[in-house]
Amino acid sequence: MMTTAKNQQRIAIIGAGPGGLTLALILQKHGIQTVIYEREPFDMNGQRGGSLDIHEESGQRALREAGLYEQFQKLARYEGEDFRLFDKTGKIYMDEVAELDDKGTRPEIDRGTLCDMLLESLGSNSVQYGHKLIRAVPLNNGQHELHFENGYVDTVDLVVGADGAFSRIRQLVTDRDAEYSGLSMIEINVLNAAAAHPELAVFNGRGKMFALDDHKGILAQLNGDGRIRVYLSFEKERGWLDQCGIPFDQPEEAKRQLLELYGDWDESLKLYIRSADGDMLPRRIYMLPVGLRWSRKPGVTLIGDAAHLMSPFAGEGVNMAMLDALELALAIVQDGDVNQAVGTYEEKMFVYSSQLAEESLDNLKLCFGDEAARNLADLMNQYHLQP
Ligand SMILES: Cc1cc2nc3c(=O)[nH]c(=O)nc-3n(C[C@H](O)[C@H](O)[C@H](O)COP(=O)(O)OP(=O)(O)OC[C@H]3O[C@@H](n4cnc5c(N)ncnc54)[C@H](O)[C@@H]3O)c2cc1C
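Bear in mind the structure is a predicted one, so any value in this text is a computation, not a measurement. (Residues numbered from 1 in each chain as written. Predicted model: local features only at pLDDT ≥ 70, side-chain atom pairs only at ≥ 80, totals over all residues. Heavy atoms only, no water.)

## Overview of the packing of helix α1 (residues 18-29) against helix α4 (residues 111-122)
- Relative orientation of the contacting elements α1 and α4 amounts to 30°, with a least axis distance of 10 Å. Of the possible angle classes, the one that applies to α1 and α4 is roughly parallel. At the point where α1 passes α4, the crossing takes the left-handed sense. Contacts from Pro18, Leu21, Thr22, Ala24, Leu25, Gln28 and Lys29 of α1 reach α4 at Arg111, Leu114, Cys115, Leu118, Leu119, Ser121 and Leu122.
- Among the residues making up the contact of α1 with α4, the classes are represented as nine nonpolar, three polar and two charged. (Axes fitted to C-alpha atoms, helices over the stretch in contact; angles between N-to-C directions. Helix = DSSP H or I, 4+ residues; strand = E, 2+ residues; numbered from the N terminus. Parallel < 35°, antiparallel > 145°, perpendicular 65-115°, else oblique. Left-handed = near helix turned anticlockwise from the far one by under 90°. Contact = heavy atoms within 4.5 Å. Nonpolar A, V, L, I, M, F, W, Y, C, P; charged D, E, K, R; others polar.)

Here it is in structure tokens:
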């Protein structure tokens, strides 16, 4: 297999989500240039999901290494760590208010703001937008030939799949695929909550609100732009979103039907649905098998959701993507050869990601099982966990 000097090895990253951007930036800080190929025509991170809590031991470590920690601290919402937990009757189980003098370890930042910060530091030409990878062909010398939908072809020494839940690169290392987790969500938004819906804004508080009961949930989070993003969550079979008959493109009728599904829930909780504005976004939650590993393959690896897609119930998805980026980047910087670096990174990553994937699955089962609010409160009080 051909090896080239470290500074000549060509590294391509597929996907400009938080994982791919963090990897490129940390490598750039160490003088190693990469190319990121992203299928979207421009940066779409701001339109894809809401507030993320960035953990001290993973996401924040990566930001320190990327030289962005101070900027992050200015943008992060430490009050976003507030957490309220209810059952369907409106009984409150937890009401945690973050102490702002004593900064917490998991402050919130909107996904768009986080990615803007990474992109700005990387420089404007670092991402090749409009490049959807359709095929990666392993060559005999350990390199990969990358084929894009727009006809472009590139040959690289290392291709990193940072291409998310339905990664194309993943099939180069394993035949396992993302599977439906048993949970379906409908995302709704309450825009400009403080001014337009003050009663709901006070009820929600400055961070997250979970209401759990009857194998359902209302999961709400205040975002940096003043909206409350709400995930109406249902433990249902895979086809339910298609078969339930809710017309998601007719929001008023959809709201009426959703209110029926939460018919015996307290009015304070149903107010999230009544107050929703604009589009609704149905989505199924997928996950990879917990503990997925693969045997090392030359010239290719995965980071983030591509490697260990997990349900969002440990709040770890973005943190793992950024930790993977950090570990892989440091291994590449330290090792002379990208393939040795991949081996070092993968062994570490398999261990920490499988522990968190298991935790995430346990939390999902708990949140949609019987006595969910009580059980989640007991668990969090026992371990002083944060959602
Ligand atoms: C409803 C919901 C709520 C969540 N809440 C949280 C939370 O509170 N905290 C948390 O930590 N995580 C949360 N997550 C998970 C988090 O969003 C992901 O774990 C994180 O975005 C993973 O980052 P990534 O860079 O690996 O992948 P992604 O963010 O998915 O980025 C992948 C990128 O690859 C691009 N791409 C895909 N295929 C191709 C291709 N063929 N060619 C070129 N480009 C391609 C995509 O366009 C995208 O830009 C949540 C997820 C969901 C669904």
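## Focus: the packing of aromatic side chains
- The full count for this structure, using the stated rule, is 14 aromatic pairs.
- A ring pair is formed by Tyr180 and Tyr286, whose centres lie 6.2 Å apart and whose planes are at 70°; its orientation type is edge-to-face. Note that Tyr180 is positioned in strand β12 (residues 179-190) and Tyr286 in strand β16 (residues 277-287), a separation of 106 residues in sequence. Of the two residues, Tyr180 and Tyr286, both sit in the buried class.
- Aromatic ring contacts, followed pair by pair, group Phe234, Trp240, Tyr262 and Trp265 into a single cluster.
- Lying across the ring of Tyr69, Arg64 places its NZ or CZ 3.8 Å from the centre.
- Between the NZ or CZ atom of Lys216 and the centre of the ring of Tyr262, over which it lies, the distance is 5.6 Å. (Phe/Tyr/Trp six-rings, centres within 6.5 Å; stacked < 30°, edge-to-face > 60°. Buried < 20%, exposed > 50% of the residue type's maximum accessible area, 1.4 Å probe, protein only. Lys NZ or Arg CZ within 6 Å of the ring centre and 35° of its normal.)

## Digging into the site of the ligand
- The immediate surroundings of the ligand are formed by 32 residues, with Gly19, Glu38, Arg111, Asp305 and Val318 found nearest.
- Between an oxygen atom of the ligand and a side-chain N or O atom of Glu38, the distance comes to 2.7 Å.
- Between the ligand and Asp305 there is a distance of 2.8 Å, counted from an oxygen atom to a side-chain nitrogen or oxygen.
- Expressed as a share of its isolated accessible area of 1000 Å², the protein-covered part of the ligand is 87%.
- For the shell around the ligand, the secondary-structure elements that each account for two or more residues are α1, β3 (51-53) and α11 (317-334).
- Per element, the largest residue contribution to the shell around the ligand is four residues, and it comes from α11. (Near = heavy atom within 4 Å. Polar contact = N/O pair within 3.5 Å; in protein donor to acceptor, adjacent residues only side chain to side chain. Areas by Shrake-Rupley, 256 points an atom, 1.4 Å probe, with all protein chains shown as cover.)

Everything listed is a geometric property; what it means functionally is a separate question.
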